[in-house]
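# Structural description and commentary
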Amino acid sequence: MGNGNAAKLHHYVPQGYLRGFATQQDRITAVPLDRSRAPFTTVVKNVAAQTHFHTVPGAEEPDGFERILSSVEGAAIEIVRRMEGGEFPPRQKDRESLSFYLALQAVRGPDTRRTMEHLQAKMVRFEVGAGGRANVKQWIKRNLGFDPTEEQAQRIWDEATQPGGPPLTIHVVDHINHMIDTAGHLAKYLMTRPWSLIRFARRSLITCDAPVSLIRNPRDDDFWAGVGFGTAWGISVPLTRRLGLLMSDPMIMVERFEVDDPRIQTIRTAVVSGKADNVQLGTTAMERLFNEHTAGSAREYIYHHPDDGQFVPDELHEPTLINMDVGGFMDTEFDGEPWFGRRDTRQTPVDN
């Protein structure tokens, strides 16, 4: 299949999902986190998408992964529709499928690709800078496969050691492989949590470009402590404007047992089969829990039904284009001298 047949606009938040927050005419309101830009209402097709985001240049089917994603998304959205219609808890096979879809959604956005590029650039910067200017030709030969001229070596040194590192672009295939591998790993942390389906009658939920939110334990006094899929007190996902999924902490059910207690596996089996799941009526407090965490998880945009603007929190953060960073010694300025294998010429006084 040639490039001419490839879909041009690729959505990193599925259109079928976004329609759960849109009008019958597919109209949805987008709120940019860049507050210099005003909210706008458009059709679902025009939001949460980038041109050829998943296209693999030179492949026999450059649009092949986009087609696979469409199949995964379609199956997941059909499961949500069944849950909306009263089929809950879901069958175990559906639970597995929806868990993988939600894990995939958590790592498929532009922020993940930008983060990969950002972290790799920092690693290259540190590796080149710590090796010293005199060794940069060896680094180029070893990593890039050619013998550079002095001019080329200086240019690469300057680019590599600048703040933030060199300008790098992650190949789309690397992002796809990372996406699939990471989603497969994270899905088990979703599948093995008790699920609560929250139905709202008077209140509404918003969504965003990163709608899977990790909720910190409210009793955790350490604000700076990290929170992940395995340690989060809860994981919230707005499924539609009237339906939310809250995945709670499974450790509460097993914390009284020893690690090797066989009852842990019995409880795990019960959780995966849906025996710990429940349905709740949405309250104002629950709406705020969902919407505040959804807004907090957003990278560049919040999305909502055109009638639901009042449910967007007043305080919104600035855009967060990456989701992870490293600092400390990785941001050290380099003077051209190698960090390792050199003698420290400074003398340390010694008492006789």
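Summary of the structure given here.

Analysis parameters
Residues numbered from 1 in each chain as written. Predicted model: local features only at pLDDT ≥ 70, side-chain atom pairs only at ≥ 80, totals over all residues. Heavy atoms only, no water. Core = buried A, V, L, I, M, F, W, Y, C linked by side-chain atoms within 4.5 Å. Buried < 20%, exposed > 50% of the residue type's maximum accessible area, 1.4 Å probe, protein only. Contact = heavy atoms within 4.5 Å. Axes fitted to C-alpha atoms, helices over the stretch in contact; angles between N-to-C directions. Helix = DSSP H or I, 4+ residues; strand = E, 2+ residues; numbered from the N terminus. Parallel < 35°, antiparallel > 145°, perpendicular 65-115°, else oblique. Left-handed = near helix turned anticlockwise from the far one by under 90°. Nonpolar A, V, L, I, M, F, W, Y, C, P; charged D, E, K, R; others polar. Salt bridge = Lys/Arg side-chain N within 4 Å of Asp/Glu carboxyl O.

Counting residues in hydrophobic clusters, the biggest one holds 54 residues, and the most contacted among them are L18, I28, L98, L102, L239, M247 and Y303. Contact partners of L102, with chain neighbours within four places excluded, come to L190, V212, V237, L245 and M247. Core analysis: the second largest hydrophobic core is formed by 11 residues, V31, I206, A210 and A295 among them.

Two numbers describe how helix α3 (residues 92-107) lies on helix α7 (residues 172-191): the axes approach to 7 Å, and their chain directions differ by 130°. With respect to α7, the axis of α3 lies oblique. When the axes of α3 and α7 are compared, the crossing they make is right-handed. Along its contact with α3, which presents R95, E96, S99, F100, L102, A103, L104 and V107, the element α7 presents H175, M179, I180, T182, A183, G184, L186, A187, L190 and M191. Considered class by class, the residues forming the contact of α3 with α7 number 12 nonpolar, 4 polar and 2 charged.

Here we come to the packing of helix α4 (residues 110-131) against helix α6 (residues 150-161). Running from N to C, α4 and α6 point in directions that differ by 125°, and their axes come no closer than 8 Å. Looking at the two axes, α4 sits oblique to α6. Helix-helix and strand crossings are classified by hand; for α4 and α6 the assignment is left-handed. Note on element contacts: α6 touches α4 through W157, A160 and T161, opposite R125, V128 and G129. In terms of residue class, the contact of α4 with α6 is made up of 3 nonpolar, 2 polar and 1 charged.

The subject of this paragraph is the pattern of salt bridges. Following the criterion strictly, the structure yields 19 salt bridges and no others. Here E78 ties to R82 by a salt bridge, and the two come within 3.7 Å at their closest N and O atoms. With E78 and R82 both in helix α2 (residues 64-84) and 4 residues apart, this pair spans about one turn of that helix. The residue R95 makes a salt bridge to D277 at a minimum N-O spacing of 2.6 Å. With R95 in helix α3 and D277 in the loop between α9 (263-272) and β10 (278-281), the pair connects residues that are 182 residues apart, well separated along the chain.

Now for the environment of F40. Structurally, F40 is set in strand β3 (residues 40-43). The sequence separation of F40 and R193 amounts to 153 residues, and the corresponding C-alpha distance is 37 Å. Once residues lying within four places of it in the same chain are set aside, the contact partners of F40 are I28, T29, A30, P32 and Y301.

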